[in-house]
Protein chains: 2
Amino acid sequence: MAVTMREVAQQAGVSVATVSRVLNASGPVGEETRQRILETAGRLRYVPNGTARNLTTSTTETVGVLLPDLYGDFYSEVIRGVEGAVRAARYHTLLASVHDGPGELVRGLRTLVGRVDGLVVMSPDIEADVLRANLPASLPVVVLGGEVAGHGSVDIDDAAGAAAMTRHLAGLGHRRIALVSGPAPNADARARRDGHRQALAEAGLAPDPALELAGDFTEASGYAATAAFLALSPRPTALFAANDAMAIGALRGLREAGLDVPGDVALAGFDDVPVARFVTPALTTVHVPIDEMGARAVASVLGAVRDPDSVPSALTLPTRLVVRESCGARS
Amino acid sequence: MAVTMREVAQQAGVSVATVSRVLNASGPVGEETRQRILETAGRLRYVPNGTARNLTTSTTETVGVLLPDLYGDFYSEVIRGVEGAVRAARYHTLLASVHDGPGELVRGLRTLVGRVDGLVVMSPDIEADVLRANLPASLPVVVLGGEVAGHGSVDIDDAAGAAAMTRHLAGLGHRRIALVSGPAPNADARARRDGHRQALAEAGLAPDPALELAGDFTEASGYAATAAFLALSPRPTALFAANDAMAIGALRGLREAGLDVPGDVALAGFDDVPVARFVTPALTTVHVPIDEMGARAVASVLGAVRDPDSVPSALTLPTRLVVRESCGARS
DNA sequence: AGACCCGATGTAATCGGTTACAGTCAGTGT
DNA sequence: ACACTGACTGTAACCGATTACATCGGGTCT
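Chains are numbered independently. Their residues run from 1 in the order of the written sequence. Following the order in which they are written, the chains are lettered starting with A and the ligands numbered starting with 1. Only residues with pLDDT of at least 70 get local features here, since the model is predicted, and only at 80 or more are side-chain atom pairs given and counted; chain-wide, interface and lining totals rely on the full set of residues. Side-chain numbers come from the whole structure's heavy atoms, not from hydrogens or water.

S.K.: Can you tell me about the overall build of chain A, naming the residues and giving the values?
M.R.: Runs of E in the DSSP output that reach at least two residues are strands. Runs of H or I that reach at least four are helices, and both are numbered from the N terminus. Each helix and strand counted, chain A has 12 helices and 12 strands in total. For 331 residues, the compact-globule estimate of 2.2 N^0.38 gives 20 Å, and the C-alpha radius of gyration of chain A, at 26 Å, exceeds that figure by more than 25%. Oriented by its inertia axes, the alpha-carbon framework of chain A measures out at about 90 × 40 × 30 Å. Relative accessibility under 20% of the residue-type maximum defines a buried residue, over 50% an exposed one, and the middle range a partly exposed one, all with a 1.4 Å probe and only protein chains included. The proportion of buried residues among the 331 residues of chain A is 50%. Summarising the internal contacts of chain A: among those between residues at least 6 apart in sequence, 69% fall at separations of at least 24. Looking at chain A as shown, the accessible area adds up to about 14,200 Å², and 52% of this sits on carbon and sulfur atoms. Charged residues are defined here as Lys and Arg on the positive side and Asp and Glu on the negative side; His and the ends of the chain fall outside this count. In plain terms, the charge of a residue is placed at NZ if it is Lys, CZ if Arg, CG if Asp and CD if Glu. Charge centroids of chain A, computed over 30 positive and 37 negative side chains, lie 6 Å from each other. It is over C-alpha atoms that the radius of gyration is taken, and the globule rule equals 2.2 Å times the number of residues to the power 0.38. Throughout, a residue-residue contact means that at least one pair of heavy atoms, one from each residue, lies within 4.5 Å. In this description, accessible areas are obtained by the Shrake-Rupley approach with a 1.4 Å probe, and a residue is regarded as covered only by the protein chains that are shown.

S.K.: Account for the interface of chain A and chain B, with residues named and values stated.
M.R.: Counting from both sides, the interface comprises 53 residues of chain A and, opposite them, 53 residues of chain B. Accessible surface is computed with a 1.4 Å probe, and the buried area is the amount of it that two parts give up when combined, taken over both parts together. For the chain A and chain B pair, buried surface summed over both sides reaches about 4,900 Å², with 55% attributable to carbon and sulfur atoms. When the buried area of chain A at its contact with chain B is split by residue, A:Arg45, A:Arg80 and A:Arg87 rank highest and sum to 15% of it. Any carboxyl oxygen of Asp or Glu within 4 Å of a side-chain nitrogen of Lys or Arg constitutes a salt bridge here. For the interface between chain A and chain B, the tally reads 0 salt bridges.

S.K.: Pulling in residues and values, what's your account of the pattern of salt bridges?
M.R.: Residues and elements named next belong to chain B. Applying the stated criterion across every chain, the model contains 22 salt bridges over all chains. Its salt-bridge partner being arginine 80, residue glutamate 77 comes within 3.8 Å of it at the nearest N-O pair. With glutamate 77 and arginine 80 both in helix α5 (residues 73-88), this residue pair falls 3 residues apart, about one helical turn. With respect to burial, glutamate 77 and arginine 80 carry one shared label: buried. In this structure, the salt-bridge partner of glutamate 292 is arginine 296, at a minimum N-O distance of 3.0 Å. Of this pair, glutamate 292 and arginine 296 both sit in helix α12 (residues 290-306), 4 residues apart, which is roughly one turn of that helix.

S.K.: Which residues make up the domain arrangement of chain A, and what values do they have?
M.R.: Domain assignment breaks chain A into domain 1 (5-48), domain 2 (61-153 + 290-314) and domain 3 (158-288). Taken over C-alpha atoms, the centre of domain 1 of chain A sits 37 Å from the centre of domain 2 of chain A. These domain boundaries are the output of an automatic or database domain assignment.

S.K.: I'd love a proper account of a negative patch on the surface, names of residues and values included.
M.R.: Patches were defined on residues exceeding 30% relative accessible area and lacking a salt bridge, with like-charge contacts within 9 Å and nonpolar side-chain contacts (Val, Leu, Ile, Met, Phe, Trp, Tyr) within 5 Å. There is a patch of like negative charges on the surface, built from A:Asp100, A:Asp125, A:Glu127 and A:Asp129. Locating A:Glu127 in the fold gives a position in the loop between β3 (118-121) and α7 (128-134).

S.K.: Could you give an account of the environment of B:Val273, naming the residues involved and the relevant values?
M.R.: Residues and elements named next belong to chain B. Topologically, valine 273 is positioned in the loop between β9 (266-268) and β10 (285-287). Linking valine 273 and valine 143, residues 130 residues apart in sequence, is a C-alpha distance of 22 Å. Residues contacting valine 273, with those up to four places away along its chain left out, are Asp73 and Asp244.

S.K.: How would you summarise the nonpolar core if you had to cite specific residues and measurements?
M.R.: Judged by nonpolar contacts, the single largest core of 78 residues is most densely connected at A:Leu169, A:Phe240, B:Leu169 and B:Phe240. Residues contacting A:Phe240, with those up to four places away along its chain left out, are A:Ala162, A:Met165, A:Thr166, A:Leu169, A:Ile177, A:Ala178, A:Leu179, A:Val180, A:His196, A:Ala268, A:Gly269 and A:Phe270. By size, the runner-up hydrophobic cluster in this structure holds 54 residues, among which are A:Ala247, B:Met246, B:Ala247 and B:Leu251. Only buried residues count toward a nonpolar core. Its members are Ala, Val, Leu, Ile, Met, Phe, Trp, Tyr and Cys residues joined through side-chain atoms within 4.5 Å.

S.K.: So what's going on with the sheet that holds strand β8 (residues 238-241) of chain B? Which residues, and what values?
M.R.: Residues and elements named next belong to chain B. Only when DSSP finds a minimum of two bridges between them are two strands counted as paired. Pairing within the open sheet is parallel, and its 4 strands lie in the order β7-β6-β8-β9. Of all the strands in the sheet, just β7 (212-213) and β9 have a single pairing partner and so form its edges. With 4 bridges connecting them, strand β6 (residues 177-180) and β8 associate as parallel partners. Among the inter-strand pairings, isoleucine 177 is bridged to a residue of β8, identified as alanine 238. Only the stretch in contact is used when a helix axis is fitted, and all axes are lines through C-alpha atoms; the angle between N-to-C directions ranges over 0 to 180 degrees. In this fold helix α8 (residues 158-171) packs onto β6, β8 and β9, with an angle of close to 170 degrees to the strand it touches most, β8. The strands touched by helix α9 (residues 187-202) within the sheet are β6, β7 and β8, with β6 carrying the most contacts at an inclination of about 170 degrees.

S.K.: Help me get a handle on the protein's contact with DNA strand D, residues and values and all.
M.R.: Proximity is defined per residue: if any heavy atom of the residue lies within 4 Å of a molecule or strand, that residue is considered near it. Surveying the vicinity of DNA strand D reveals 26 residues, the closest of which are A:Met5, A:Asn49, A:Thr56, B:Gly30 and B:Thr33. Of what DNA strand D places within 4 Å of the protein, 59% of the atoms are sugar or phosphate. Counting of polar contacts relies on pairs of N or O atoms within 3.5 Å, with two restrictions inside protein: one atom must be capable of donating a hydrogen and the other of accepting it, and residues adjacent in sequence are counted only when both atoms are side-chain atoms. In this structure, A:Tyr46 approaches DNA strand D through a side-chain N or O atom, which is 2.8 Å from a phosphate oxygen. Between a phosphate oxygen of DNA strand D and a side-chain N or O atom of B:Thr18, the distance comes to 2.8 Å. Elements with a contribution of two residues or more to the surface near DNA strand D: α1 (5-12), α2 (16-24) and α4 (50-57) of chain A together with α2 (16-24) and α4 (50-57) of chain B. No other element matches the 5 residues that α4(A) contributes to the surface near DNA strand D. Polar here means any residue other than Ala, Val, Leu, Ile, Met, Phe, Trp, Tyr, Cys and Pro, which are nonpolar, and Asp, Glu, Lys and Arg, which are charged; Gly is therefore polar. Partitioning the surface near DNA strand D into residue classes produces 11 nonpolar, 12 polar and 3 charged.

Here is the structure:
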């Protein structure tokens, strides 16, 4: 249907090889011929077919990104980081997203194979076997937020970030610090909880299971957790939500209960999503360099693309404590 | 490098055609042979090459998205809308972003050609010729936020939205309403300004050029505009920023000048970005269904993919006034 | 003058699949 | 016994590019 190189060649009275040479400046061509071909291509509105080019050159100049779901600031941010790095390398981005279910992951992987030179995969629970079975061994893969044997990975130091926050709260004098944790199966949620516990121990505060409230990373669950929080006796003076969404939900819950933040309760989150600085009081949180994760993952993938023998690296990015108003440190 | 179908065929002692038939269930194959091929493919970790399949079937099941830049809530939101719709149709998304410069746009377009079945293009100023010259005539294209002859488009009704807001402010009793407008060349910015002017006229208020402050859609320019705003005499009682980013900048500026919002000045924005509901006071704004734009654009593209003879449609989505606290309507 | 080099161009193989067409073979109806 | 049918499988063309190799002609060097 679309115009092909063959048609251009015929119209210009030359062979396809010559046309190709002109278009890619890949060989000597007489100036007159060159002009004629260019003119013909323009007239016929010829645009080379990317797929065909990919096939012959067996390179796509594309990095595939597989994400579990596209909703939430988190994934937008990842995409931004990835796209920036990809574009800087003059590559392209092929995006695929999958929701729950093992079949979905496989489907997502397979649609990417052959169409990308490397892959950035982010999925709450990826197993090495699934990757192995559905990807050619030669395809560089970097896993985001988790480690998988044999592949590169970029992760954040959840435990250290959570520990820093808990240490900060303890340093402000809080002795009863409640935690709204994330969904149990989630690796990030577990690491944050562990970091929190460890910091408590270091501060000489006995971790108390009663102070660990259940949450699932949604704003609604943060709001719901305030009920449990208020039922605690004596009431903790600080509430640490394992992510910002839950912290914002909790903020609403606390406010509705007539409590002042940070006056009555110090509140902290985790992630530093964009809205964190805009809520009132501005949320003290742990900054997670999400876009940088994406960028690093891309760098790692492209490194492997260029040098297939390079050893996949496992990177752990540090987080940063962001003290704003909700914890009362500056009020 | 990767395992090909040919190798699987050899190992299984059959022809490539049979392998293809098994993998796609596209023809009768003996049960015993079938199992043998499946086993062999699994053992060799064969995964079909997407590019090659695309080439022969001349269909990619992919929708390309061309965006001007990936920063800002706006584009994230577009991507979300697009991805959701694309996934629902069991298609894939190929993302390309371009920054300024005509060469960039052309580059972006060309990387997509042949690799997608349809295209959603969003760029502040696209010209019909550029699209025509760099895309095969047969490729369905839908333009986002602007109209281009011969292509489908999805746009929002900027003028009506701005008019609604200005009408709302006038209805609250404001007689001097300042506008921080967007960059002059931007079509959205112009439409919003025009809607504003028209609503003023309808309300019997003479549009006053002195009340139109320059901005460029950035938060910084909104902040900067407050200086000009404060210099107006008599000071207007309402400030309408042509987008939320500028409104938030202005909010900061007004607060620093010791003015209360909405007590001293009613403030309104446009876009309803996610943070709009979280700033204090919550921002009154015009909701723009960004993700829906993306979804509609995809629907339009896929419609054209399925029926190449369908007439491209020009869709204009309505906006919705969102009254929160910053305009004083509810205080 | 003959060997040689180089620029300009064409021929054809190739990438990894899909698929139209053709062939084989066993079973069936007459 | 013969033509026919249909399930099963293979051969080879094709998708639209890239590119190794071959060809050809004129200019240069000795």
